[in-house]
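A closer look at the structure
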Amino acid sequence: MTDLTPPVPTAPALGAGRTSIIRMIVRDPLALTGLIVLLLMVLVAVFADLLAPWDPLKPELALVNAPPGTPDHPLGGDGAGRDILSRLIFGSRLTLLSAALAVGVSVVIGVPSGLIAGYTGRKFDAVASWVSDVVLSVPNKVVLLAVIAAFGPSVLITMTAFGVLLAPNLYRLVRSQTIAVKNELYIAAARVSGLSDTRIIARHVLYVVRAPVIIQSANLAGIAIIVQSGLEFLGLGDPGQATWGSMIGNAFAVLYLAPTAMIWPGVAIGVTVAALVLVGNGLRDAVQGTSGRAPRRRHRRAAAVAVPASETASAAPVAVSDGPGELVLEVRSLRVGYPHGETTSVVVDDVSLAIRRGEVLGLVGESGSGKTQTAFAILGLLPRGGEVLAGSILVNGTDVVRLAERERRRLLGRAISYIPQEPMSNLDPAFRIGQQLVEPMMTRGLRRAAATKRAFELLAEVGIVDPKRTFDAYPHQISGGMAQRVLIANAISGDPELLIADEPTTALDVTVQAEVLALLRRLQQQRRMAVLLVTHNLGVVADLCDSVAVMQNGRIVEVAPVTELFGNPRHDYTRKLLGSTLDDTDARPAYREPDAAPQEARA
Amino acid sequence: MTLLEIDSLVVEYPTRGFRSQPFRALKGVSLDIRRGETVGLVGESGSGKTTLGRAVLGLSPVTSGTIRFEDREIQDLGRRQRRELARDIQVVFQDPYSSLNPALTVSDILSEPLLAQGTPAAAARARIRELLDQVGLPTDAGDRFPREFSGGQRQRVAIARALALRPKLIVCDEPVSALDLSTQARVLDLLIDIQEATGVTYLFVSHDLSVVRHISHRVAVMYRGEVVEFGDGDQVTSSPEHPYTRTLLGAAPVADPARQRERREAREAALAGTDGAA
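Just so it is clear, the model here is predicted, and its values are computed rather than measured.

Conventions adopted
- Residues numbered from 1 in each chain as written.
- Chains lettered and ligands numbered in written order.
- Predicted model: local features only at pLDDT ≥ 70, side-chain atom pairs only at ≥ 80, totals over all residues.
- Heavy atoms only, no water.
- Helix = DSSP H or I, 4+ residues; strand = E, 2+ residues; numbered from the N terminus.
- Buried < 20%, exposed > 50% of the residue type's maximum accessible area, 1.4 Å probe, protein only.
- Contact = heavy atoms within 4.5 Å.
- Areas by Shrake-Rupley, 256 points an atom, 1.4 Å probe, with all protein chains shown as cover.
- Domains from an automatic or database assignment.
- Buried area = accessible area lost by both parts, 1.4 Å probe.
- Salt bridge = Lys/Arg side-chain N within 4 Å of Asp/Glu carboxyl O.
- Polar contact = N/O pair within 3.5 Å; in protein donor to acceptor, adjacent residues only side chain to side chain.
- pLDDT = per-residue confidence, 0-100.
- Nonpolar A, V, L, I, M, F, W, Y, C, P; charged D, E, K, R; others polar.
- Pairing = 2+ DSSP bridges.
- Phe/Tyr/Trp six-rings, centres within 6.5 Å; stacked < 30°, edge-to-face > 60°.
- Axes fitted to C-alpha atoms, helices over the stretch in contact; angles between N-to-C directions.

1. Digging into the overall build of chain A
When you go through chain A residue by residue, the secondary structure sums to 21 helices and 12 strands. Across the 603 residues in chain A, those meeting the buried criterion constitute 48%. Counting only contacts in chain A whose residues sit at least 6 apart along the sequence, the fraction spanning at least 24 positions is 71%. As presented, chain A carries roughly 28,500 Å² of accessible surface, and 60% of it is formed by carbon and sulfur atoms.

2. Some thoughts on the domain arrangement of chain B
All names here are of chain B. Parsing chain B into structural domains produces domain 1 (1–88 + 165–238) and domain 2 (242–278). One C-alpha centre belongs to domain 1, the other to domain 2, and the line joining them spans 28 Å. When domain 1 packs against domain 2, the two sides together hide about 760 Å² of surface, and 71% of this comes from carbon and sulfur. The three residues of domain 1 that bury the most area against domain 2 are Leu-209, Val-228 and Glu-229, which together make up 45% of that side's buried surface. Seen at the junction of domain 1 and domain 2, the total is zero salt bridges. The tally of links between domain 1 and domain 2 comes to three residue pairs in polar contact (both at pLDDT 80 or more). Residue assignment for the side of domain 1 that touches domain 2 shows that the elements contributing at least two residues are β9 (218–223), β10 (226–232) and α8 (233–238).

3. Focus on the confidence of the model for chain B
Mean pLDDT over chain B stands at 89; residues scoring 70 or higher make up 98%. In the predicted complex, the global pTM is 0.78; the interface-specific ipTM is 0.85.

4. Section: the interface of chain B and chain A
The partner chain A presents 69 residues to the 76 residues of chain B that form the contact. Buried surface at the junction of chain B and chain A, both sides included, amounts to about 6,500 Å², of which 54% is carbon and sulfur. The largest share of the area that chain B buries against chain A comes from B:Tyr97, B:Arg147 and B:Leu181, three residues that together contribute 10% of it. Run the count over chain B and chain A and you get 19 residue pairs in polar contact (both at pLDDT 80 or more). For the side of chain B that touches chain A, the elements supplying multiple residues, two or more each, are α2 (79–85), β6 (89–92), α3 (106–116), α6 (181–198), α7 (209–215), α9 (243–251) and α10 (257–277) of chain B. With 10 residues, the single largest contributor to the side of chain B that touches chain A is α6(B). Here the side of chain B that touches chain A is composed, by residue class, of 31 nonpolar, 20 polar and 25 charged.

5. Observations regarding the pairing of β10(B)
Residues and elements named next belong to chain B. Here β9 pairs with β10 via six bridges, running antiparallel. Its bridge partner lying in β10, Ala-220 is registered against Phe-230. Hairpin geometry of β9 and β10 is characterised by an intervening segment of two residues between the two adjacent antiparallel strands and by a positive phi of about 50° at Arg-224.

6. Section: the side chain of A:Asp399
Residues and elements named next belong to chain A. Along the chain, Asp-399 turns up in strand β7 (residues 398–399). Separated by 3.1 Å, the side chain of Asp-399 and the backbone nitrogen of Val-401 make a polar contact. There is a polar contact of 2.6 Å between the side chain of Asp-399 and the side chain of Arg-402.

7. Focus on the side chain of B:Asn101
In this structure, B:Asn101 sits in the loop between β6 and α3. The buried category is assigned to B:Asn101, whose relative accessible area is 2%. Within the local environment of B:Asn101, its side chain forms a polar contact with the side chain of A:His204, the two groups lying 2.7 Å apart.

8. As for the environment of B:Ile89
Tracing the backbone through its elements, the reader meets B:Ile89 in strand β6. Residue class for B:Ile89 comes out buried when judged on its relative accessible area of 3%. Residues contacting B:Ile89, with those up to four places away along its chain left out, are A:Val192, B:Val56, B:Leu57, B:Phe69, B:Ile74, B:Arg82, B:Pro167 and B:Leu169.

9. Let's talk about the packing of aromatic side chains
Residues and elements named next belong to chain A. If you walk through the whole model with that rule in mind, you get four aromatic pairs over all chains. Both rings, one in Phe-376 and one in Tyr-418, keep their centres 6.1 Å apart while their planes meet at 55°; by these two values the pair is tilted. Here the residue Phe-376 occupies a position in helix α12 (residues 371–379), and Tyr-418 occupies one in strand β8 (residues 416–419), the gap between them amounting to 42 residues. Looking at Tyr-418, the relative accessible area reads 25%, which means it is partly exposed.

10. Description of the pattern of salt bridges
Taken as a whole and assessed by the stated rule, the structure comprises 40 salt bridges over all chains. Salt-bridge contacts for A:Asp543 lead to A:Arg521; the nearest nitrogen and oxygen are separated by 3.6 Å. With A:Asp543 in helix α19 (residues 538–544) and A:Arg521 in helix α18 (residues 510–527), the pair connects residues that are 22 residues apart, well separated along the chain. The same class applies to A:Asp543 as to A:Arg521, namely buried. When the shortest N-O distance is used, the salt bridge between A:Asp543 and B:Arg264 registers 3.1 Å.

11. Section: the sheet that holds β6(B)
Residues and elements named next belong to chain B. Reading across the sheet, the six strands line up as β6-β7-β8-β3-β9-β10 and stay open at both edges, with mixed pairing between neighbours. Strands with a single pairing partner mark the edges of an open sheet, and in this sheet they are β6 and β10. Averaged over all pairs of adjacent strands, the angle between strand axes in this sheet comes to 20°, irrespective of strand direction. Relative to β6, helix α5 (residues 151–163) is tilted by about 175°, and along the sheet it contacts β6 and β7 (169–173).

Set out below in structure tokens:
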């Protein structure tokens, strides 16, 4: 997002449209430079006849090894007495042509075969992948030398052969991209809509594949230029045509007589390849900003509410219950925002709440209400760019907002611990469960043996029947419910006083949810933990919470003990929220046979 | 009058490894749906409910059994015939984020099925305006991209796409599971209104009994690839006969602390009872 535009309530401001990628490249100075250089090269190649002052092939005795600055021959002459500038200009023709030819051939072979292999799979995929592997394992230069030996020094034939050798690079790229996009639901929807496979590929798959292919092609073009120049340098080119590679070869032969002659073709090759790489990188950056994938729900941030930074706080409800037990968590007038230059999108505003030992506070609201942002602010784990702008967060009386980063981190896993929403993505698939339990305990000073023993106890405590087996398992070997139990074991391993659970049962099946809720209830009562339970599920709130804070648009609109909130909601929004549960709605009235032929006739 | 009849349907997926047993996702499922009816399909993950919906759509491989639509067996149609069936059978998926191509405008998305079936461009444009109106989206929504809409609005776009060809059956695969509570209720009511106006038939797949109860005339409960209970929606979702359905009903927490406590205690007692028996 640029600093000039104020933040808008919808998340990404960057467009993924067709024009915006070009616009982004134009804005990137390096890519723009590369693009301009390439365009100039193409113009030079096209108008070589007009631009070149002399015939590139005509030798002139007086010009043999003439130094740069010779009248009418600004770059001098080569060992055979030919004008270097003219040769350079004409050389761009064959160089660019050969790069275009190699890339063109590899695109024509690699892209369609990759699309078919990725989309249909099966036999074609098996055969094409095998061929691609074979081609990739053959040494390129040797094949090219063989081609030249067989067909003579024709650039067209050599570069066509090189294009075939490059094709597996594109094939593999396109195939993997196609496989990735094939499972997107919109492809399934297109199939159900009655689109033919060709149409689906042309419309949906090609769009995703297009950008990586262009990027890869830019790199391949650079490689083709270098390889082609290398062959020319070795004298394997057509002597009847001026190319940059053969110019270097010629200059090399007279290196001691005319040392500067080497510079010009060298610079030309270097600049062209660099320009291709810059354009490729610019494209990559532009595409990464505007990926073809839809943002997933779990990555979404709370919708931002643009509020001028000076707005004063109004009297918001404060979630403090009377009663025994010291305060474990107290949040006062918390404001969390994401600054963008002049303006700040405030996602949590004037939130105050408190939890006593042994108490469960539910924080409910719909997506974008700021409930998760509040939880992350308390943990000190706000996403990049997020800041606590005002207010204080007291854990056991200490304001953690003012603590140094290191001391704050030390609280996590000790005084405060956390249970996430998606158990599976919070376990590292590369390590055994046991190790992921033992390691945090070891950072807290336990020896390995003691930590291992404790891990077994914890696994048993969270209701895992065979702790040994789970301890030795990898995350993919256990179910989602089991994974959540493991994370709960991890959360209680540091004997926390405050447990923050962010939608702890949302990703679970309803029967598993009931078990995990029962487990949380038992642990909370046994350990007298203070719990902040972030959820959108009012049933979970009714099951577990002592009191409830309802959030809307970053503010707490109502706080009440749980029975009071459900029995006598005061705020309109709370009433609306309670009203939208489907728990007590009547079942659908009985089915009636629709009238004969109502909407059957098609327009 | 029966629109869709599924009989002893078996779906198997091959598993990795030499001579390994295939995974049987559906173990002989039978179900029927009448014209203009909503049949709710409820179950937990791995129960096969989504596989059944996908089999009707031709997206899952059918090993044996039949799916009869109107008077025609559709379980092993060729691709071409399947494409023709797109006029009659459509889908709304769960995830409103990945079910719409982010690169296409809403108009492009909605015109896709129309153009694929050979509707002229002018007629397609008129139909798109009609569809946007039908699902309660503003007329200018057509020029915008999916990312400019909230989850609920995206799901309306997906519903409009499903309606574009005036299908007889729409398979709704967890269409409201990714939505907020208040949005959920609105989208469900939209689906009911559309059904009453057009007489379309729904196969409604969901894990949530209360959602299924709200929209379904009849409910089928699935467990491990089998339908364990199938009957009147009200009866199945309030006084079920099968023990598994009862477990399912008892497990979902209700938004009422006092009643939830009773349910919890009943459930704990039941669990203690089975533990004692075992």
